[in-house]
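# Reading the structure
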Amino acid sequence: MFRAYSLYPLRENALSAKTVADIYGQGRNTQKSSGYAPHPYFPAVFNTHNCIDKEMHGRKRRIVSQGFSTAAINSSEPMIINHVQNLCNALMKSIPEPQGLFDDEWSPPQDMASWTNYLTLDVISDLTYGQPFNLLTSPDLRWLVNAIVSGNRRIYLRFAFPALFNVNPSAWYSPDKWIFPKMAAERQRFLEISTKFSEQRIAAEEKMSKRNDIMSALLAAKDPKTGTKLSDAEVWGEAHLMIAAGGDTTSTALASVLFYLSRNAGAHARLNDEIRHTFRSIDRIRQGPLLASCHYLRACLEEAMRLAPPAPGALWREVCAGGAIVDGRHIPAGYDVAVCQYAICHNADYFPDPYRFNPERFLASPTEERSPRDDYFSHAPPAPASTLSPPLSPSTLSLSLSPGPFSPSGTLSTPLPHTPNGTETAPTFAPFLLGPRSCVAKPFAYLEMSLALARLVWLLEFQAADDSGEGRPGCGEVGRERRGEFQIVDMFSSGKVGPGLRWRRRGGM
Ligand code: HEM
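Residues numbered from 1 in each chain as written. Predicted model: local features only at pLDDT ≥ 70, side-chain atom pairs only at ≥ 80, totals over all residues.

Short version of the rule: UniProt positions are given in the numbering used here, feature names are shortened, and annotations may be inferred rather than shown by experiment.
You'll find the protein entered in an unreviewed UniProt entry as Cytochrome P450, with Imshaugia aleurites given as the organism. Its UniProt record gives the protein a comment under Cofactor (unreviewed entry), which states: "heme".

## What to know about the sheet that holds strand 3 (residues 110-111)
In sheet architecture, strand pairing relies on hydrogen bonds along the backbone and comes in two forms, parallel and antiparallel. Our working definition: For two strands to count as paired, DSSP must find a minimum of two bridges between them. Helix and strand assignments come from DSSP, with helices taken as H or I runs of at least 4 residues and strands as E runs of at least 2, each series counted from the N terminus. Once C-beta atoms have been placed from the backbone, residue pairs whose C-beta atoms lie within 7 Å are recorded as contacts. Think of each axis as a best-fit line through the C-alpha atoms, taken over the contacting stretch in the case of a helix, with angles from 0 to 180 degrees between the N-to-C directions.
Taken together, 3 strands build an open sheet; the order of strands is 3-11-8 and the sheet is antiparallel. Of all the strands in the sheet, the pair left with one neighbour each is strand 3 and strand 8 (460-464). The pairing of strand 3 with strand 11 (residues 500-505) spans 2 bridges and is classified as antiparallel. Pairing of Asp111 across the sheet is with Gly500, part of strand 11. The strands touched by helix 11 (residues 232-263) within the sheet are strand 8 and strand 11, with strand 8 carrying the most contacts at an inclination of about 80°.

## Focus: the nonpolar core
Let me state the cut-off plainly: Note on terminology: a nonpolar core is a set of buried residues of type Ala, Val, Leu, Ile, Met, Phe, Trp, Tyr or Cys, with members joined through C-beta atoms within 7 Å. Here the C-beta atoms are placed from the backbone, and a residue counts as buried if at least 20 other C-beta atoms lie within 10 Å of its own, exposed if 12 or fewer do, and partly exposed otherwise.
Ranked by size, the top nonpolar core spans 93 residues in total, and within it Val257, Cys300 and Leu453 carry the most contacts. Counting residues per element, this core draws most heavily on helix 11, at 16 residues. Among the nonpolar cores identified, the runner-up in size contains 23 residues, and Val20, Phe159, Ile344 and Leu434 belong to it.

## Topic: the site of the ligand
Definition in use: Whether a residue is near a molecule or strand depends on its C-beta atom, generated from backbone atoms, being within 6 Å of that molecule or strand. Throughout, the ten residues Ala, Val, Leu, Ile, Met, Phe, Trp, Tyr, Cys and Pro are labelled nonpolar, Asp, Glu, Lys and Arg are labelled charged, and all others, Gly among them, are labelled polar.
Around the ligand, a shell composed of 23 residues is seen, among which Ala245, Gly246, Thr249, Cys439 and Ala441 lie nearest. Contributing elements (two or more residues each) for the shell around the ligand: helix 11 and helix 18 (442-459). If one sorts the elements of the shell around the ligand by residue count, helix 11 sits on top with 7 residues. Looking at the shell around the ligand, its residues break down into 16 nonpolar, 5 polar and 2 charged.

## Looking at the packing of helix 8 (residues 181-203) against helix 11
Keep this limit in mind: If an angle is under 35 degrees, it is roughly parallel; if it is over 145, roughly antiparallel; if it lies from 65 to 115, roughly perpendicular; otherwise it is oblique. By convention the crossing between two helices is left-handed if the near helix lies anticlockwise of the far one by an angle smaller than a right angle, and right-handed if it lies clockwise.
Contact geometry of helix 8 with helix 11 gives a least axis separation of 10 Å together with a crossing angle of 120°. When the interaxial angle is binned, helix 8 and helix 11 end up oblique. As for how helix 8 packs across helix 11, the hand of that crossing is right-handed. Together, Leu191, Ser194, Thr195, Ser198 and Ile202 of helix 8 and Val235, Trp236, Ala239, His240 and Ile243 of helix 11 make up the contact between the two elements. Its residues assigned to classes, the contact of helix 8 with helix 11 shows 6 nonpolar, 4 polar and no charged.

This is the structure:
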């Protein structure tokens, strides 16, 4: 563990697996840091992500989780497939028609950071508002991609300089007015459009309630504990959050996996083999046992998120009154503590040869029969005799188990992994985080990523077209020289460019 800096607020940036459990696990004496609080999207209305108070969060989380129930995710599958097909169509359109019988034309370079962003934003807007932004099929709203990046950058700066942002954004001395006017203007445009889409969706609820989507859940769901519903402003805030949280993250994982597959012929061939042998037609690529049997697909996604975590930095938590024991050290109340995702995911003690794309590390054996991650998702431990302090209670555990990527439920909280005898183990790989503030949409994100990657691989071939997304040897920037590493920039989510890929129809299609 090392001290990152200790100005305001007091902070520790920790780098061990045990600290992940001690900081983020269920029942730990930590809460979200004060950096999350300033300026909710709508005045005085916090959402599931930026509220700090644990009781307030519990109520929102119990309601929002209903939007990611098994039934809700199942009914969203045709919608996801529709947008994945739009992506495939857009890429196929970029491929020139063959001139001769034996021509195999490749498309010009396509920037996959943009295309994957369009896909994930179309999916999440359709899921949330019942109408997609249509970024895949029309350029009109593509400015939203940058607007969302600006919003995330602002959150990132807020963490770094909390005092700077601790002022009313409309005050004349607000940094939004003087230092970051472009960022603030883009964020404002995003807020306006998300409010417009929310209003339209709420007005159409009577007709659309059968869709079983997030908005229906937000409008109808009652907190099972308090019996309360969300106010209209809370619904808007949550809907806006879905777009901000659900677009940029999933697209980073997809862009990253395409980058690494385009540069690792062995892994690319093995994935092609798995997908093309598992599914006789593209229409069969749907959730179910066949997709769940694609362990190499899953391992590629895991390895891509390890190498380029969609939330790459330190997700700060404040130690509450009474202090906390973090990896055996007492941390006093008021300190912020965090584990940097990128750093721990590249720790050679946990991931030997950490910069190499090696999906096999997520399989039970190199020849692969069963991914150890299955245990992570489906293994219900007997009453755990935790070795960590404070221990999890069996009742919280049974609440928090989520059974699997393709049959999701129980998204209330992501549990810690367990050994076969039921003991909590310290997690080293947790791109969705753990505990009560982990990602509420993990099963949905896995479904979306799996459908997209499997369908792209089934239908098309791709290869690297240029060096976008690569590191540059000799560039002089520490950590940016590895050519084979997909470059991301920590801006709360991951900023990215590329990879630039060429596409062609799969032979014989
Ligand atoms: C690969 C895809 C994704 C990854 C890696 C990811 C990762 C994360 C992480 C690390 C957090 C914790 C953030 C923090 O502590 O500040 C989080 C929270 C959250 N994510 Fe995701 N996410 C993904 C996709 C999504 C999607 C698709 C949605 C919505 C549809 C979503 C909605 C949320 C929400 C609402 C929270 C706040 C949860 C809470 O505080 O209770 N995420 N996610």
